Structures are given as structure tokens and as C-alpha cells.
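# Descriptive structure summary
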Amino acid sequence: MKLRRVLSASAATAALLPVAVAAAPASQAAPAAEIPTCYDVDTAYGEYHNNTFVGRSFGIPKSITLGTQWTTYTATLTNASAKELKSFELSAKLGSYIYNEGERDLSPYGDLQYWDTSQNAWKTLRQADGNAGGTIPGPNTLKPRESVHVQLRFRVGEDLPMNQTYDAFTYLTGTFVDRYRDTDCTAHGDAGGTFSPRKG
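Definitions and limits used
- Residues numbered from 1 in each chain as written.
- Predicted model: local features only at pLDDT ≥ 70, side-chain atom pairs only at ≥ 80, totals over all residues.
- Heavy atoms only, no water.
- Pairing = 2+ DSSP bridges.
- Helix = DSSP H or I, 4+ residues; strand = E, 2+ residues; numbered from the N terminus.
- Axes fitted to C-alpha atoms, helices over the stretch in contact; angles between N-to-C directions.
- Salt bridge = Lys/Arg side-chain N within 4 Å of Asp/Glu carboxyl O.
- Buried < 20%, exposed > 50% of the residue type's maximum accessible area, 1.4 Å probe, protein only.
- Phe/Tyr/Trp six-rings, centres within 6.5 Å; stacked < 30°, edge-to-face > 60°.
- Lys NZ or Arg CZ within 6 Å of the ring centre and 35° of its normal.
- pLDDT = per-residue confidence, 0-100.
- Contact = heavy atoms within 4.5 Å.
- Core = buried A, V, L, I, M, F, W, Y, C linked by side-chain atoms within 4.5 Å.

It is worth spelling out the sheet that holds strand S7 (residues 133-136) at this point. Taken in spatial order, the 5 strands of this open sheet run S2-S10-S9-S4-S7, and their pairing is mixed. Strands with a single pairing partner mark the edges of an open sheet, and in this sheet they are strand S2 (63-65) and S7. Taking the axes of each pair of neighbouring strands and ignoring which way they run, one obtains an average angle of 30° across the sheet. As paired elements, S2 and strand S10 (residues 183-198) share 3 bridges and run parallel to each other. Among the inter-strand pairings, Ile64 is bridged to a residue of S10, identified as Pro197.

Quick look at the structure:
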């Protein structure tokens, strides 16, 4: 997945907004599973362009050492459109791109957490299949020029087999329901980065 072009923002703003995100209600109106993505609806036309989000992140290094040490970063998504986004949902993921048959995903060997300011605690994101990632509590809507900031941290265990090259990534994703060609569909934007794991 390609990362969006980043938007510069002040560190002071980035420090303030995680409070608003974590304090938002955990219950959200997530997009219904049966709603197709706007990219699927657009397959025959190639005209759907999602310029809704501008993503920015800082704190993700070019490489990390395997082990128990956490790497902390902040990810920002800004609604750059003129419309209010409905059924807005936040999620995050840690993993690696698979290019060839037989390659493994880094995700099951890693840990991903977000900072919950309402409880002053890190919360682990883990999917049912064991991969590092999941949904993050946040606002149900996002107004034009409004931003959300989330503080995250990750690590990758020393048990990761290093018999292949990993094009690893971690990112925050914002998903919303859009309307395209008279069809309700989901679109998304990302903020994050890539890194390479290495033995200590």
C-alpha cells in the first residue's frame, strides 16, 4: 500500500491531539462489511482518486534491532477535502510486504500498541489470526481540515527468522464511507512508514 504525501504540522499540535482521539467514544459506526471499496467499484473506469487524506508520521527509523525495545512514533491523518467524513474508523497495522511465494509476513513476530490517554496506558492491537494490528477508538466523523493524531509503538521479536529480506511497515489507516457512481463504498488513507529489521 502506498503511503500518502506527508503534510508538515507543528509538534505542539501533534502533542495535543492524541488526547482528543483517545478520549473519543470507543463505539463507532464501522463501515458495513458488505459495502465494496471505491477502488473495486472503480475497476472498470480508473477514475476514482482518493485525495481526501494527507498523512504524516514521525519517529519511524530506517531500521530497528530485533528484541524487546519499543520504537514509538506519531501518525497524523488530516481531512484535506471539503466534505465531512462519515462512518470514520481508525486502525493500525504492523507487517511486511510479500513479493514472492514462500516469503513470510513479519506481523506475527511483532507487537503493536497505541497510547490510550483516557486510561494513561498502552493498549495492544492483535487480530484474531495473530497478526499485529486492529481498530483504534476514535471519532465517528472527521470535518474538513480536521486532523487526528495517534501515538503508537512497535517492536519485533528476536525469534523472527532472518532467512529472507523483510520490507516491513507500520501505519495508521483512516477509513470512511464515500459515494461514487451512485454507490456507497469505502475509501481509506494512511500515515506511517517502512523499516528493515536487523539482528542486534
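Now for the pattern of salt bridges. If you walk through the whole model with that rule in mind, you get 5 salt bridges. Between Asp116 and Lys123 there is a salt bridge, with the nearest N and O atoms lying 3.2 Å from each other. A salt bridge links Arg179 to Asp184, with the shortest nitrogen-to-oxygen separation between them at 2.9 Å. The exposure class of Asp184 is partly exposed, given its relative accessible area of 39%.

Turning next to the sheet that holds strand S1 (residues 53-58). Reading across from one edge, S1-S3-S8-S5-S6 is the order of the 5 strands in this open sheet, with antiparallel pairing throughout. The sheet is open, and its two borders are formed by S1 and strand S6 (121-124), each paired with just one other strand. Direction aside, neighbouring strands of the sheet carry axes that sit 30° apart on average. By the bridge criterion, 6 bridges tie S1 to strand S3 (residues 71-79) in an arrangement that is antiparallel. Bridge assignment links Val54 to a residue of S3, and that residue is Thr78.

What follows is about the packing of aromatic side chains. Where two aromatic rings form a pair, the distance of their centres and the angle of their planes describe that pair. The full count for this structure, using the stated rule, is 10 aromatic pairs. Between Phe169 and Tyr171, the ring centres sit 5.0 Å apart and the planes meet at 15°, which makes this aromatic pair stacked. Through a chain of ring-to-ring contacts, three or more aromatic side chains come together here, namely Tyr97, Tyr99, Phe169 and Tyr171. When the ring centre of Trp70 is taken as reference, the NZ or CZ atom of Arg153 above it lies at 4.2 Å.

Our focus in this paragraph is the confidence of the model for the chain. Regions with low pLDDT carry predicted coordinates that are not meant to be interpreted in detail. Looking at the chain, the pLDDT average stands at 84 and 83% of residues meet or exceed 70. Highest mean pLDDT in the chain belongs to S6 (98); lowest belongs to helix H1 (residues 11-22) (35). In this model, residues 1-32 is a region of pLDDT below 50 whose contacts with residues beyond four sequence positions or in other chains number 70 contacts.

What follows deals with the nonpolar core. With 36 residues, the main nonpolar core has Phe88, Leu90, Leu112, Ile136 and Leu152 as its most contacted residues. Taken together, the elements giving at least two residues each to this core come down to helix H2 (38-41), S3, strand S4 (86-96), strand S5 (110-116), strand S8 (147-156), strand S9 (168-180) and S10. Element by element, the count of residues in this core is highest for S8, at 5 residues.

Attention shifts here to unusual backbone geometry. Even without glycine at this site, Ser87 takes up a positive phi of about 50°. Locating Ser87 in the fold gives a position in strand S4. Judged by its relative accessible area of 25%, Ser87 falls in the partly exposed class. Positive phi outside glycine occurs at Arg145, with the angle close to 70°. Mapped onto the secondary structure, Arg145 falls in the loop between S7 and S8. We classify Arg145 as exposed; its relative accessible area is 71%.

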